[in-house]
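Single-letter residue listing:
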Amino acid sequence: MTQYALIFFETETEMARRESETAPQYWSAWSAYIDLLADENVLVRGSGAGLQPPSTATTVRVSGDQLQIQDGPIPGLKEQLGGVVVIAVESLDEALRWAAKAPCAAAGTVEVRPVLPPPPTAA
């Protein structure tokens, strides 16, 4: 089994649904998706998290010895990071199939990325 991170990016419109009149449908779709991953035994338990809205972000950059702190997400992005889960599946093709089922796949983006294996331990 290979572990893949499914990294969910949502548009501003989709993010706004979290607190709109369509919030119950939004959260129901995400709950059903996570439940499906768990029911199919591909979800790596405890690996994922949804994130607060981009307005709660703080962005940090270091340039030389200068620390630059900015309120908000990285500027200029059309989609914002909404959350991440890790799944364990047999192949990239299978990970892509699971990514395509994510509620944000139709309106946003799901990045699929292999997870680094644990570093070797010192003997």
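Whatever comes next refers back to the structure up there.
Now for a quick tour of the structure. (Residues numbered from 1 in each chain as written. Predicted model: local features only at pLDDT ≥ 70, side-chain atom pairs only at ≥ 80, totals over all residues. Heavy atoms only, no water.)

**Overview of the side chain of Arg18**
Point 1. Mapped onto the elements of the fold, Arg18 is located in the loop between helix H1 (12–16) and helix H2 (23–39).
Point 2. Given a relative accessible area of 12%, Arg18 falls into the buried group.
Point 3. Discounting chain neighbours no more than four positions away, the residues touching Arg18 are Glu10, Ala23, Tyr26, Trp27, Leu51, Gln52, Pro53 and Gly82. (Helix = DSSP H or I, 4+ residues; strand = E, 2+ residues; numbered from the N terminus. Buried < 20%, exposed > 50% of the residue type's maximum accessible area, 1.4 Å probe, protein only. Contact = heavy atoms within 4.5 Å.)

**As for the sheet that holds strand E6 (residues 109–114)**
Point 1. An order of E2-E5-E1-E6 is seen for the four strands of this open sheet, with the pairing classed as antiparallel. The open sheet has two edge strands, strand E2 (49–50) and E6, and neither has a second partner.
Point 2. Two elements, E2 and strand E5 (residues 79–89), share two bridges in a ladder whose sense is antiparallel. Bridging across to E5, Gly50 finds its partner in Gly83.
Point 3. On top of the sheet, H2 reaches strand E1 (2–11) and E5; it is set at about 175° to E1, its chief contact. (Pairing = 2+ DSSP bridges. Axes fitted to C-alpha atoms, helices over the stretch in contact; angles between N-to-C directions.)

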